[in-house]
Structure formats: C-alpha cells, structure tokens
Amino acid sequence: MKVTYYGHACFSVVVSGKTLLFDPFISGNPLARAIEVKSVPADFILVSHGHDDHVGDTVGIAKRTGALVIANFEVAMWLEKQGAPSVHPLNHGGGFKFDFGRAKLVNAIHSSTMPDGTNGGNAGGFVVESVDGNFYFSGDTALTLDMKLVGEATPLKFAALCIGDNFTMGPDDAVKAAEFVRCREILGVHYDTFPPIKIDHAIAVEKFRAAGKTLHLLRPGDAFDF
Ligand code: NI
Ligand code: MN
C-alpha cells in the first residue's frame, strides 16, 4: 500500500486503485508549505474529528476532486453544510463497505468541536480493510485499552499513530498502542507541527526499535510503501 505523507496527521493510502486521504490539514500547516493543495489527489477523504488541524482543506479538496467524505455523523453533516458535495456518516463501532474496501469508525479519546464551535460529535479513528491489506489510523487520541479490540479483530500491515504528546499520545504511549493493535510498522503522525508537539526523532525511533517495532517519520511530500 503506497502511503504519501502530507504533514501533521494528513496522509493518503492507495488501496484497490483508490486514493484515501486522511485529515487533510495542508494549507494551514507551516511545515507543509511545499505541498500544493490543488494537486493533492483524493477519491475518498476520511476525517477523524472536528478540529481545524484535521478538517483543514477537506471542503476545498472534496469540491475539486468530487471525493466522498467519510466522518462521524456530526462532522459529516457540518462538512456537507460547508459545501462538501457528498458525505457518508458513520458512528462509533460502525463500518461500511465502500468500493475500496471496508472502513470502520473506532474509538478515540479526544474532543471534537468544529472550527466554528459547532458540536463535532466524538473523535474517532479508522480501521480500513481492503484486498491490498488492512491498516489503522488512530486519529487524535489518548492510549486506550479499546485499541486491543482492533488488534484482536484485524491483522494490520501498518498503523498511523499520533506521537506528538501534549494533545495526544506521546512516543511512550504510542509504543503501547502499537502493541495493543499488534502492529510492527508504524507511521508517526501529529508531531512537530506546533511548538508543544515537537519531538526528538532519534529518541522516538529508538523507543519503537527497542520494542521490536519500526517508526517511520516521513517528511511532508515523502512516500513509503507498506
Ligand atoms: Ni484534535
Ligand atoms: Mn489534532
């Protein structure tokens, strides 16, 4: 599965020939200045929660590409009101079979107010199952035992985990999360973008290595094949 990292918690994964774009916060990201939002491809946009650093460029990209936006009910309804041409609401514990495979909204421990103050429901993560393999995106979250349910249910090729601390898990809890979801290949997200979430890359990579796992810290615009 080809993964392209666009900075912060935004990345795309190509499965079944479709491009799934997650949490497209690009034009507002000081570390993603080199990314041209107008050329970011998407067939589906999956949004984990209502915060601006995740909703970001969703409406603009959805309008340009016609991508279907998948999010929790409140986030999906809000994005539709802002002009997203098509949305598919999920709620926690529910999944749906799309033409790329199945996407399930799973628990996260975090808040989810929309950029204008509207209630954004509850924050979530996603498990995607496809013929090319399965993966998990934690969204913004604390470490939670619920992650064990993901590991029990679904063999994962990789997991995208928040690691920046302060607003989410830091590297130590993310190592435990990787153990809970039973995954060795980890894409680190939600770090360095703002001063409170700056991390020491070498220390974080070593923590994962010591646990028998590999932490991939890509630069915005870089791609990796999981
Ligand atoms: Ni957040
Ligand atoms: Mn965030």
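Right, let's walk through the structure included here.

At the metal site, the manganese ion (ligand 2) is ligated by Asp53 (OD), His54 (NE2), Asp140 (OD) and His190 (NE2), and these contacts range over 2.1 to 2.2 Å. The sequence pattern describing where the donors of the manganese ion (ligand 2) fall on their chain is D-H-x85-D-x49-H. Between the manganese ion (ligand 2) and the nickel ion (ligand 1) the interatomic distance amounts to 3.0 Å, and aspartate 140 serves as a bridging ligand to the pair. Of this pair, histidine 54 sits in helix α1 (residues 52-55) while histidine 190 sits in the loop between β12 (185-189) and α6 (201-210), placing them 136 residues apart in sequence. You'll find histidine 54 and histidine 190 in the same group, each marked buried.

Turning our eyes to something else, we now look at the layout of surface pockets. Here the largest pocket is characterised by a volume of approximately 200 Å³. Around the largest pocket, the lining comprises 14 residues; the ones closest to its centre are Lys104, Val106, Asp146, Leu149 and Val150. Elements with a minimum of two residues in the lining of the largest pocket: β8 (101-107), β9 (124-130) and α4 (147-153). Tallied by class, the residues present in the lining of the largest pocket amount to eight nonpolar, three polar and three charged.

This brings us to the nonpolar core. Counting residues in hydrophobic clusters, the biggest one holds 52 residues, and the most contacted among them are Phe11, Phe22, Phe135 and Tyr136. With residues up to four places along the chain from it excluded, the contact list for phenylalanine 22 reads Ala9, Cys10, Phe11, Val13, Leu46, Phe126, Val128, Phe135 and Phe137. In this structure, Ile26, Val40, Ile61 and Ala67 belong to the second largest nonpolar core, which totals 25 residues.

Let us now look at the sheet that holds strand β7 (residues 95-98). Within the open sheet, the seven strands sit side by side as β7-β8-β9-β10-β11-β12-β13. Their pairing is mixed. Unpaired on one side and paired on the other, β7 and β13 (214-216) mark the two borders of the sheet. Here the strands of the sheet are splayed against their neighbours by 20 degrees on average, with no regard to which way each runs.

Before going further, it helps to spend a moment on the sheet that holds strand β2 (residues 10-15). With mixed pairing, the seven strands of this open sheet are ordered in space as β6-β5-β4-β3-β2-β1-β14. At either margin of the open sheet sits one strand with a lone partner, and together these are β6 (87-90) and β14 (223-225). When the angles between neighbouring strand axes are averaged without regard to direction, this sheet yields 20 degrees. Across three bridges, the pairing between strand β1 (residues 2-7) and β14 is antiparallel. The residue of β14 that forms the bridge with threonine 4 is alanine 223. Along the sheet, helix α2 (residues 58-65) makes contact with β3 (18-22), β4 (44-46) and β5 (68-72), crossing β4 at roughly 165 degrees. Along the sheet, helix α3 (residues 73-82) makes contact with β5 and β6, crossing β5 at roughly 140 degrees.

The buried count for β12 comes to four of five residues, which makes it a mostly enclosed element. When strand β11 (residues 158-162) meets β12, the two strands line up parallel, connected through four bridges. Bridge assignment links leucine 161 to a residue of β12, and that residue is glycine 188. Considered for its hand, the β-α-β crossover made up of β11, helix α5 (residues 171-180) and β12 is right-handed. Where β12 meets β13, three bridges bridge the pair, whose relative direction is parallel. In the strand pairing of β13, glutamate 185 is matched with threonine 214. For the crossover that starts at β12, traverses α6 and ends in the parallel β13, the hand is right-handed.

On to the pairing of β9. Burial of β9 is extensive: six of the seven residues sit out of reach of the surface. Pairing geometry for β9 and strand β10 (residues 133-137), over five bridges, is antiparallel. When the sheet's bridge partners are listed, valine 127 is paired in β10 with tyrosine 136. In textbook terms, the turn of a hairpin is the stretch between consecutive antiparallel strands, and for β9 and β10 this stretch comprises two residues.

Next up on the list: the coordination of the nickel ion (ligand 1). Coordination sphere of the nickel ion (ligand 1), protein contribution only: His49 (NE2), His51 (ND1), His110 (NE2) and Asp140 (OD), at 2.2 to 2.4 Å. For the nickel ion (ligand 1), the donor residues sit on a single chain with the sequence spacing H-x1-H-x58-H-x29-D.

Conventions used here
Residues numbered from 1 in each chain as written. Chains lettered and ligands numbered in written order. Predicted model: local features only at pLDDT ≥ 70, side-chain atom pairs only at ≥ 80, totals over all residues. Heavy atoms only, no water. Donors = N, O, S within 2.8 Å, 3.2 Å for Na, K, Ca; no water. Helix = DSSP H or I, 4+ residues; strand = E, 2+ residues; numbered from the N terminus. Buried < 20%, exposed > 50% of the residue type's maximum accessible area, 1.4 Å probe, protein only. 1 Å grid on protein atoms, 1.4 Å probe; cavity = no way out; pocket = protein on both sides within 12 Å on 5 of 7 lines; lining within 4 Å. Points joined across faces, edges and corners; volume = space filled by probe spheres on them. Nonpolar A, V, L, I, M, F, W, Y, C, P; charged D, E, K, R; others polar. Core = buried A, V, L, I, M, F, W, Y, C linked by side-chain atoms within 4.5 Å. Contact = heavy atoms within 4.5 Å. Pairing = 2+ DSSP bridges. Axes fitted to C-alpha atoms, helices over the stretch in contact; angles between N-to-C directions. Right-handed = clockwise from strand over helix to strand, strands pointing away.

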